[in-house]
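Okay, here's what each chain looks like letter by letter:
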Amino acid sequence: MGDGKGKQEVLYIWPYLEWGGAQIYFIGLMKLARERYDVRALMPEGSAERLLDYMRALDVPCEFFEAHVDMSPARSLKEKLRRRWRKAQTELVIIRYLGWRRAGRALLHVDFGPWSS
């Protein structure tokens, strides 16, 4: 159900700089999905260069937003609350970056925990 101008867009999105299991899983999906869809990765500015190398090798275009979630351990209640606030702000940045129109047309595959987003 694209816009009639080509393949439907599928966006793989994650809000943190570190990379690991979710991105490896996404890469596997991207390899399959790009045959039928316009696949793109949406990630924070400052993402790991090694991850960007993988995206270039797959010829997956990357887009970047200007926020990220802090994944380091929180040592106090104040740090935990600050991290929750930053997570909410980052998700809002992503929504604004996408815009309602684009988000409504694209298929979104996101790495957000539903218990905390």
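**Observations concerning the pairing of strand S3 (residues 62-65)**
Then, in step 1: Along S3, the buried face is formed by Glu63 and Phe65; none of Cys62 and Phe64, which line the opposite face, is buried.
Then, in step 2: Crossover handedness for the path strand S2 (residues 38-44) to helix H2 (residues 49-58) to S3: right-handed.

**Brief notes about the pattern of salt bridges**
Then, in step 1: Within the structure shown, the criterion is met by 8 salt bridges.
Then, in step 2: Put simply, Glu9 and Arg40 hold a salt bridge, and the shortest N to O gap is 3.5 Å. Separated by 31 residues along the polypeptide, Glu9 in strand S1 (residues 9-13) and Arg40 in strand S2 bring together distant segments of the chain.
Then, in step 3: On the accessibility criterion, Arg40 (23% relative accessible area) is partly exposed.
Then, in step 4: Across the salt bridge formed by Arg102 and Glu63, the nearest N and O atoms sit 2.8 Å from each other. With Arg102 in helix H3 (residues 77-105) and Glu63 in strand S3, this pair connects stretches of sequence that are 39 residues apart.
Then, in step 5: Taking the relative accessible area as the measure of exposure, Arg102 reaches 16% and is therefore buried.

**Re the nonpolar core**
Then, in step 1: Counting 16 residues, the largest nonpolar core has Tyr12, Trp14, Met30, Ala41, Met43, Met55 and Val60 as the members making the most contacts within it.
Then, in step 2: Mapped onto this core, the elements with two or more residues apiece are S1, helix H1 (21-33), S2 and H2.
Then, in step 3: If we ignore the near neighbours within four places in the chain, the residues touching Met43 are Trp14, Leu51, Leu52, Met55, Cys62, Glu63, Phe64 and Phe65.
Then, in step 4: With 7 residues, the next largest nonpolar core counts Leu11, Ile13, Leu42 and Ala106 among its residues.

**Some remarks on the sheet that holds S1**
Then, in step 1: Reading across from one edge, S3-S2-S1-S4 is the order of the 4 strands in this open sheet, with parallel pairing throughout. The two strands at the open ends of the sheet, each matched to only one other strand, are S3 and strand S4 (107-110). When the angles between neighbouring strand axes are averaged without regard to direction, this sheet yields 25 degrees.
Then, in step 2: On top of the sheet, H2 reaches S2 and S3; it is set at about 170 degrees to S2, its chief contact.
Then, in step 3: Running at roughly 130 degrees to S3, H3 makes contact with S1, S2, S3 and S4 of the sheet.

**Some remarks on the packing of H1 against H2**
Then, in step 1: With their axes 11 Å apart at the nearest point, H1 and H2 run at an angle of 5 degrees to one another. Relative to H2, the element H1 is oriented roughly parallel. Here Gln23, Ile27, Met30 and Lys31 of H1 lie close against H2, whose contacting residues are Leu51, Tyr54, Met55 and Leu58.
Then, in step 2: Residue classes in the contact of H1 with H2 are distributed as 6 nonpolar, 1 polar and 1 charged.

What counts and what doesn't
- Residues numbered from 1 in each chain as written.
- Predicted model: local features only at pLDDT ≥ 70, side-chain atom pairs only at ≥ 80, totals over all residues.
- Heavy atoms only, no water.
- Buried < 20%, exposed > 50% of the residue type's maximum accessible area, 1.4 Å probe, protein only.
- Helix = DSSP H or I, 4+ residues; strand = E, 2+ residues; numbered from the N terminus.
- Right-handed = clockwise from strand over helix to strand, strands pointing away.
- Salt bridge = Lys/Arg side-chain N within 4 Å of Asp/Glu carboxyl O.
- Core = buried A, V, L, I, M, F, W, Y, C linked by side-chain atoms within 4.5 Å.
- Contact = heavy atoms within 4.5 Å.
- Pairing = 2+ DSSP bridges.
- Axes fitted to C-alpha atoms, helices over the stretch in contact; angles between N-to-C directions.
- Parallel < 35°, antiparallel > 145°, perpendicular 65-115°, else oblique.
- Nonpolar A, V, L, I, M, F, W, Y, C, P; charged D, E, K, R; others polar.

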